[in-house]
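Residue-level listing of the chains:
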Amino acid sequence: PGVLAMNVMFSSLWGVGWVIVRYRKNGVLRRLKATPLSPFEFLTAQVLSRLLVVMSASLVVYGGAALLLDFPMRGSYPALALVYGAGALCLISLGLIVSARLRTEELADGILNLISWPLLLLSGVWFSMEGTSKAAQFLSQLSPLTHLVGAARRIMIDGAGFMDVLPEVLLLLGLAVAFLTLAARLFRWE
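Here goes a summary of the coordinates provided. (Residues numbered from 1 in each chain as written. Predicted model: local features only at pLDDT ≥ 70, side-chain atom pairs only at ≥ 80, totals over all residues. Heavy atoms only, no water.)

Below, the discussion takes up helix 5 (residues 105-123). When the terminal C-alpha atoms of helix 5 are compared, their 26 Å separation across 19 residues agrees well with the 27 Å that a helix rising 1.5 Å per residue should span. Against helix 1 (2-26), helix 4 (77-99) and helix 7 (144-158) lie the buried residues of helix 5. A positive phi of about 85° marks Gly124, the residue just after helix 5. (Helix = DSSP H or I, 4+ residues; strand = E, 2+ residues; numbered from the N terminus. Expected span 1.5 Å × (residues − 1). Contact = heavy atoms within 4.5 Å.)

Shown next, in the form of structure tokens:
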């Protein structure tokens, strides 16, 4: 679950965060500004196209790991796909916030790194948060990656079903809508 979550996070954040900044730098967005396309429509299209790429890549990673490693999968595949889809939507939308106004790929890369490493450290991907301070545990609950990893682990290891992970899915989808709305408000074509 952690390897898949890291794949989703990196693909989501850099897949849109860095690419849209490059579009702005190369003048692609300036040309799109002349069309009737609204920022929300453009960003939604970016989210949907990136979601297809992220979920396809995750399927390849999962398939490869299933062939090479012996790991448990006790839950439902549709529930797992829903969790990773909701997590990808949330993280793609977070990447859009970063790319909303930046003009250079170098700055976008630095900010994306600044966001991604705390997400990884506090998510439980590498180590359990149980032995950490109360402050670290509180901060980990603010990370969308924590909820993605936790729900995926419960499905794969504990055999949790759709209803068991519904709170995390709803939280991730709610954050995705909030992040996408904020990105659309902050977005500048030039």
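After presenting the structure, the write-up continues.
All right, on to the nonpolar core then. One finds Leu43, Leu145 and Leu148 to be the most contacted residues of the largest nonpolar core, which totals 54 residues. Those elements giving two or more residues to this core turn out to be helix 1, helix 3 (39-68), helix 4, helix 5, helix 7 and helix 8 (162-186). In terms of residue count, helix 4 provides more of this core than any other element does, 13 residues in total. (Core = buried A, V, L, I, M, F, W, Y, C linked by side-chain atoms within 4.5 Å. Buried < 20%, exposed > 50% of the residue type's maximum accessible area, 1.4 Å probe, protein only.)

The next point concerns the packing of helix 5 against helix 7. For any two helices packed against each other, the geometry is given by the interaxial angle and the distance between the axes. Two elements in contact, helix 5 and helix 7, have axes whose closest approach is 8 Å; the angle formed by their N-to-C orientations is 40°. Viewed along their axes, helix 5 and helix 7 adopt a mutual orientation that is oblique. Once helix 5 is placed against helix 7, the crossing between them reads as right-handed. Between helix 5 and helix 7, the contacting residues are Leu119, Leu120, Leu122 and Ser123 on the first element and Pro144, Leu145, Thr146 and Val149 on the second. (Axes fitted to C-alpha atoms, helices over the stretch in contact; angles between N-to-C directions. Parallel < 35°, antiparallel > 145°, perpendicular 65-115°, else oblique. Left-handed = near helix turned anticlockwise from the far one by under 90°.)

With that out of the way, let us pick up the pattern of salt bridges. Per the counting criterion, the structure on display carries 4 salt bridges. The partner of Lys33 in a salt bridge is Glu190, with the nearest N and O atoms 3.5 Å apart. Residue Lys33 is located in helix 2 (residues 28-33), and its partner Glu190 is located in the segment after helix 8; the two are separated by 157 residues in the primary sequence. Given the relative accessible area of 40%, Glu190 is considered partly exposed. Between Arg154 and Glu168 there is a salt bridge whose closest N-O contact spans 2.6 Å. One end of the pair, Arg154, is in helix 7; the other, Glu168, is in helix 8, with 14 residues separating them in the sequence. Take Arg154: its relative accessible area is 26%, and that puts it in the partly exposed class. Salt bridges sharing partners connect three or more residues here, namely Arg30, Lys33 and Glu190. (Salt bridge = Lys/Arg side-chain N within 4 Å of Asp/Glu carboxyl O.)

Function cannot be inferred from these measures alone, as they are strictly geometric.
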